[in-house]
Amino acid sequence: MTATNRTGAPPVRDHSAKRRWVGQSIRRVEDPKFLLGRGGYIADRVTPDTLHAAVLRSPHPHARIVRFETAAALALPGVHAVITGAEAAQLCDPMPDFGPDPARHTWRCLAAEKVRYVGEGVAVVVADSRYLAEDALELIEVEYEPLPAVTDPERALAPGSPLVHEALESNCAYERSFDFGDVERDFAEADVVIRDRLRWHRSGGQPLETVGAIAEYDPGTGSFTIDTNTLSFTSYLFMAAATLKVPVNRLDIRPVPAGGSFGSKLFANKPAVIAGMCARKTGRRVAYLEDRIDNISNCDHHGSDRVYDVELAMMRDGTMRGLSIDVIDDYGAYIQFGVGHHGNALAQVVGPYTIGSVRYRVRAALTNKNQQGAYRGFGSEVNNWMLEQMVDKAARELGLDPVAIRRMNFIRDFPYFIPTGNVYDSGDYERVLDHALDLGDYAHWRDEQRRLREQEGRYVGIGVITAQERSVFSATEFWFWFDEPGAPVTSTPESVSLKVDATGGITAVLYSCAFWGNSPETMVAQLVAEEFDCSPYDVSVVYHGSRDGLPATGPGGSRTTVMLAGAVEGAAVKIKDKARRAAAHLLEITPGDLEWADGGFRVRGDPERKKTLGEIAIMLHLFKHSFPEDVESGLDASKVFDHPYTTMPSADRKDLGVFYPFVGHACHVPVVEVDIETGAVTFLHYAAVHDCGTLVNPRSLAGHIVGGTAQGIGTALYEEFVYDEDGQLLSSSFMDYLIPTAMEVPELIIGHVETPSPYTPHGIKGGGEGGRMMAPAAINAAVNDALAPLGVRLTELPMTPERILAALRAAGHAG
Amino acid sequence: MAPETRTISLTVNGQPHVAQVEPRRLLVDFLREDLGLPGTHIGCEHGVCGTCTVLLNGASIRSCIILAVQADGADISTVEGLAQGGEMHPLQDEFSEKQGLQCGYCTPGMLMRACEILAENPDPSPGQVREAIASNLCRCTGYQFITEAVISAAARMRATKEEAAP
Amino acid sequence: MKPPPFAYAAPTTLEEAVGLLTEHAEAEPRVLAGGQSLIPLMNFRLAKPGYLVDLRNVAGLSGIRRDGDVLVIGAMTRMTEVERSAEVAVAAPLVAEAVGLVAHSPVRNSGTVGGSLAHADPAAELPAVALVLDAELVAAGPGGTRVIPAAGFFQGPYSTALAPDEILTEIRLPVWAGGHAFTEFSRVHANFAVVAVAALVELDGDGDRIRRAALALAGVAPTPVRAGSAERALAGAPAAGAEALRAIRAAADAAAADLSPAGDLHASPQTRRGLARTYLRRGIELAVSRARNER
């Protein structure tokens, strides 16, 4: 248990200052190289002397590995190595694992004794080209002893189920029930309890670029250098050093731009470990670049896969009292992040409503599937969907209007502490709702809905959902699940170094960050420009590798912009402090008589006496003897910015503390038509209003809202990793894993509301995940609204034509 | 025994090339590795996502499901050939202006497809653009700002043409 | 996902191409047309031909011409050319409509008519079109040329009447005077069809009755199938008003009842049958409407 208990919120900030750069939709500084085809992605870094690895994947969902015949593969000209899982277990330790019991649900880069899902790697070949490596894969003979497989999470939890990890003696990797607030009283006093069972099937980020790594091992220094499109470097990826059996300061992981992530590259360590292992074994530079089938079947980043049994305790007038949630989450064959996804749920479990109590029972089931990882929302989007389904069901059962029932339960006073202990820092939910209904032309579409049903027999539905988008996670959400956590970590820092060169030009160094489609360079450039009154296009932003980088956690939970803002601010304070004292010395005045303005320090009341940052910098760089003895040459500073608002959970876990304090909010209003003969769903209109505090680059955030909504459309209607009863992955390529095209995504009418956070620089909150955190809930609501006259309600995602038609048939409508 | 190779001659971005390739070498790998043009990216290698789109004799093709030997005698255009004399093509510039890219991975293929779209129809409606770019998946943008970029690039290209030949 | 190694030739004459297929029979040779179906299979390593005979340089296999009441399309004609052809738009608008639904236009730029027919994907559009038009497919082999009626050409999933050393050279499509409609249900725009329907109707002199109908479905059986019972039910049926709608609905119901489609992750057998019924009805209605409007 940690020694220090931080109490209280950070100071409330004054956001009244006029901003010059923050809030401008400038062109992104990153763009030119990508537009010119010089992006420098990992696959672009292959050199003629690089060897290529290919992984042999298991065709069985569950099987013992009996025997390998690798001689023919090794004999193929151009093949340099064949490493089986058994040998890999000697060369490498298990993968870094934040799960509940890594010693007993051990995860390795290649399966050693048995395979646990279709697609799990069992061997790797290294050859002169990927073509040859794949030729060699076909020459490897593997004898398997198939075992019974389990792919249904409830069956996995039932007695007698095949065990995914015998050492665990169960397929339940974690089970616990939490009570927050007075659940018993709220349910006892309720007029009615709304009940439902809901099923959310797994989808995943599936960026167009897969994960890849290029590794070199230097036997002289015993060091690995690995270029890979992972996005988290210094703070946690150092654990990959242990996997590769080298000291941490002998592993340098270097960032490259990533072609999308959506969470799936947050901690992309397995390809790096495989490439590293192969580099050390062959003594050569080795690239392991996943192909699409590797990535779909073996990526370690499938999304949430949940069965919910929920009860919502209500008063007849629509007041929400309490929530009881029983959720089973199918984690697949490993559980690298533990049940952290449920921490994301608990951060905003009551949504924007004054629900007073919550019971949360979570069971993590292991099955013969690829494991879960991170997918935009990280489990909070599922909670949003579940809660909004319950609210709409409550509205229907109580005969209340779905907009009115939400409005009457809105939280209005901030900061607001929800039953779990987390805080919502600020918000104005009414304003967002009203704006969304206006942009969504709600009244018009209600009229249209009626007219189209009566006159043309068409089924049009409108969804109105109001939900939260939390940002900036604390480390506590990964361990407050245990009374005696093994590693109760409390650091989730982000660091920035700012260097002012002798000409006054500024370079910002980022440490656990890479570019993945968000715009960290543009964010930092705008933030630095705001601090120093320069142009964002004059700021140089570089990414630093892991070995000698400052502590930094990387993107996740929409934390990056807020944390970079804090780090930039902190480094800027230090630089301005030194610059002020230097300017004071040069101007022969006391530091207190100077004020920062227009890119330099000037004497208060005598603005002609001034020194620009450039003038100060050249002196500090080159003219040491012009300053007092204690002044060091140069003008640079770093800030390690730790999470600004984390409080510890109580010992009894009835209060989890503050762990996700900067909470935004959104309202989505889609209008859909359901073709009840085919189960096809089309969009007639879609309005989305988001409030994630002050926006650094509004156009950029709007782009993330549209993109996130597009992924939400995929989750709601098209995308699913389908495993059949025998454990075969049926959607193993893009032919069957269906990503929305431009014709499936409507034009979005986007509105922004900005309720600043009182606690962050400029009042920024994170918002990159928001679109996907809302869309599945909104679209399900719209479909249900369309089919309500037929007595049909969908409670399972994705709402494929098959599921919609089956529901219609079950309700007596021929399909 | 070294694998059998074929000789192919083709033009890429206006430059003639003669090369020896294995028949099984995919065009995308030939462009990226043999010709040092890594701007064309690989997304799926089964012809669904369109990330690898280039123009072959002016028509868009998916270079991950075309063999290099099938491009013998062809005139190929890739993203590297779009900018001329240090100036970006209007499509490239408008993609930046409208933020029609986020991670940039689908962007080269999308740009080449957009070239073909505008060559066939210099004045498309947003609906027509959206339907035409449905051939190329984007996982980041949700397609809206891409559509806006193509529309505004089209307007610029029409204006330039009118100025040149009133 | 790289293809396995193979030997390769790009002959310049049909005789040479056929000769290579015969000569290298033990290598399990395949013909390479546009490659839009074959190369993905090879990238998946589901197809591993030891020899690829590329038809790109063979003269005389491409082109569209009208030969009296028959539209002749060379097997190597790219789908985009068919899609844009004025000749096809007039003589076989059903073909133009169907080709426009094959994947996306980048695929159609390379893909060929012959390639799609010879590949014989049970859900593909062009085989259904060939079947509904009672087309003739012309093949060249070591023994010479033969004409294969569409009804006997498609034998199973990805399986045709072509011998391993035969090459499809052209397809002959009878010109159909009447209304047409090609409609399909796919889950995502331009994705492969779950169910597709090719509908042709010919009206009598007054346009009040259907003289004859030809209907084919893809995606509901191992090969494309004709909806014979529906065709018979529609012969003589009304073409206007509520009676027409009733007759069309009855015909679609009858045809759907004949089907025993397989299920997959996208649609159960029951859903496929329901989609077939729906798209037959919609397709016939559209074809009739077009036939009436053209008068």
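These figures come from a predicted structure and were not determined experimentally.

Undergrad: Got a minute to help me understand the overall build of chain A in this structure?
TA: Looking only at helices and strands, one finds 21 helices and 30 strands in chain A. Scaling as 2.2 N^0.38, a compact globule of 815 residues should have a C-alpha radius of gyration of about 28 Å, and chain A matches this with 27 Å. In terms of principal-axis extent, the alpha carbons of chain A reach across some 90 × 75 × 50 Å. Buried positions account for 62% of the 815 residues belonging to chain A. When contacts within chain A are restricted to residue pairs at least 6 apart in sequence, long-range pairs at least 24 apart make up 80% of them.

Undergrad: How should the overall build of chain B be read in this particular structure?
TA: Looking only at helices and strands, chain B has five helices and five strands in total. In chain B, the order of α-helices and β-strands from amino to carboxyl end is β-β-α-β-β-β-α-α-α-α. For 166 residues, the compact-globule formula gives about 15 Å, and the C-alpha radius of gyration of chain B, at 16 Å, lands near that figure. On the principal axes, the C-alpha backbone points of chain B span a range of 55 × 35 × 25 Å. By the burial criterion, 62% of the 166 residues in chain B qualify as buried. Sequence separation of at least 24 residues holds for 60% of the intrachain contacts in chain B that already meet a minimum separation of 6.

Undergrad: What should I look at first to understand helix H15 (residues 442-456) of chain A in this one?
TA: Note: α-helices contain 3.6 residues per turn, so residues at a spacing of three or four share the same orientation. Residue and element names in this part refer to chain A. Taking 1.5 Å as the rise per residue, H15 with 15 residues should run 21 Å; its terminal C-alpha atoms sit 20 Å apart, in good agreement. Along H15, the residues that are buried comprise Tyr442, Trp445 and Gln449. For H15, the angular spread of buried residues about the axis comes to 55°, placing them on one side. Along H15, exposed side chains directed more than 90 degrees from the buried face belong to Ala443, His444, Asp447, Arg450, Arg451, Glu454 and Gln455. Residues of H15 that are buried sit in contact with helix H14 (429-439), strand E18 (459-462), strand E27 (662-675) and strand E28 (680-691).

Undergrad: Whenever I open this one, the interface of chain B and chain C confuses me. Can you help?
TA: Much of the literature gives interface size as the accessible area that the parts lose upon coming together. At the junction of the two partners, chain B supplies 22 residues and chain C supplies 25 residues. The leading source of residues in the side of chain B that touches chain C is strand E4 (residues 59-62) of chain B, at four residues. Grouping the constituent residues of the side of chain B that touches chain C by class yields ten nonpolar, seven polar and five charged.

Undergrad: Would you mind showing me how to read the packing of helix H19 (residues 698-718) of chain A against helix H20 (residues 770-787) of chain A here?
TA: Angle between the axes and distance between the axes are the two parameters that describe a pair of packed helices. All names here are of chain A. Running from amino to carboxyl end, H19 crosses H20 at an angle of 40°, the nearest separation of the two axes being 7 Å. If you check the angle between H19 and H20, you find them oblique. The handedness of the crossing between H19 and H20 comes out as right-handed. Listed contacts from H20 to His704, Ile705, Val706, Gly707, Gly708, Thr709, Gln711, Gly712, Ile713, Thr715, Ala716 and Leu717 of H19 are Gly770, Gly771, Arg772, Met774, Ala775, Pro776, Ile779 and Asn780. Along the lines of polarity and charge, the residues of the contact of H19 with H20 split into nine nonpolar, ten polar and one charged.

Undergrad: Sorry if this is basic, but what is going on with helix H5 (residues 144-164) of chain B here?
TA: Between its first and last C-alpha, H5 of chain B extends 31 Å over 21 residues, near the 30 Å set by a 1.5 Å rise per residue. The complete set of buried residues in H5 of chain B reads Gln144, Phe145, Ile146, Thr147, Ala149, Val150, Ala153 and Ala154 of chain B. Its buried side turned inward, H5 of chain B meets H19 of chain A together with helix H2 (90-97), helix H3 (107-120) and helix H4 (126-133) of chain B.

Undergrad: What exactly am I supposed to notice about the domain arrangement of chain A here?
TA: Residue and element names in this part refer to chain A. The domain boundaries assigned to chain A delineate domain 1 (425-471 + 660-815) and domain 2 (493-641). Its C-alpha centre places domain 1 at a distance of 42 Å from the equivalent point of domain 2. At the junction of the two partners, domain 1 supplies 14 residues and domain 2 supplies 14 residues. A breakdown of the residues in the side of domain 1 that touches domain 2 according to their chemical character gives four nonpolar, eight polar and two charged.

Undergrad: Explain the sheet that holds strand E20 (residues 494-500) of chain A to me, please; I cannot follow it from the model alone.
TA: Within a sheet, neighbouring strands are paired by backbone hydrogen bonds and run either parallel or antiparallel to one another. Residues and elements named next belong to chain A. What the four strands build is an open sheet, ordered E22-E21-E20-E26; its pairing is mixed. Each end of this open sheet is capped by a strand with a single partner; those strands are strand E22 (539-543) and strand E26 (636-641). Put simply, the sheet's adjacent strands are angled 20° from each other on average, direction ignored. Pairing between E20 and E26: six bridges, direction antiparallel. Looking across to E26, one finds that Leu498 is bridged to Ala637.

Undergrad: I tried to follow the sheet that holds strand E14 (residues 320-332) of chain A on my own but got confused; where do I start?
TA: Residue and element names in this part refer to chain A. Read from one edge to the other, the open sheet built from six strands follows the order E7-E15-E14-E13-E8-E30, with strand pairing classed as mixed. The strands lining the two open edges of the sheet, one partner per strand, are strand E7 (172-180) and strand E30 (796-797). Pairing of strand E13 (residues 306-314) with E14 involves nine bridges; the strand directions are antiparallel. Bridged to Val310 within E14 is Ile325.

Undergrad: Where do I start with the pairing of strand E4 (residues 64-67) of chain C in this structure?
TA: On any regular strand, side chains alternate: one points to one face of the sheet, the next to the other face. The pairing of E4 of chain C with strand E5 (residues 70-74) of chain C spans four bridges and is classified as antiparallel. Bridge pairing links Ile64 of chain C to Ile73 of chain C in E5 of chain C.

Undergrad: Can you walk me through the nonpolar core in this structure?
TA: Nonpolar side chains in soluble globular proteins tend to be buried together. Ala53, Val125, Ala275 and Cys278 of chain A are the most contacted members of the largest nonpolar core, which totals 418 residues. Sort the elements by how many residues they give to this core and helix H17 (residues 560-587) of chain A lands first, with twelve residues.

Rules of the game
Residues numbered from 1 in each chain as written. Chains lettered and ligands numbered in written order. Predicted model: local features only at pLDDT ≥ 70, side-chain atom pairs only at ≥ 80, totals over all residues. Helix = DSSP H or I, 4+ residues; strand = E, 2+ residues; numbered from the N terminus. Rg over C-alpha atoms; globule rule 2.2 N^0.38 Å. Buried ≥ 20, exposed ≤ 12 C-beta atoms within 10 Å, placed from the backbone. Contact = placed C-beta atoms within 7 Å. Expected span 1.5 Å × (residues − 1). Arc of directions from axis to C-beta. Nonpolar A, V, L, I, M, F, W, Y, C, P; charged D, E, K, R; others polar. Axes fitted to C-alpha atoms, helices over the stretch in contact; angles between N-to-C directions. Parallel < 35°, antiparallel > 145°, perpendicular 65-115°, else oblique. Left-handed = near helix turned anticlockwise from the far one by under 90°. Domains from an automatic or database assignment. Pairing = 2+ DSSP bridges. Core = buried A, V, L, I, M, F, W, Y, C linked by C-beta atoms within 7 Å.

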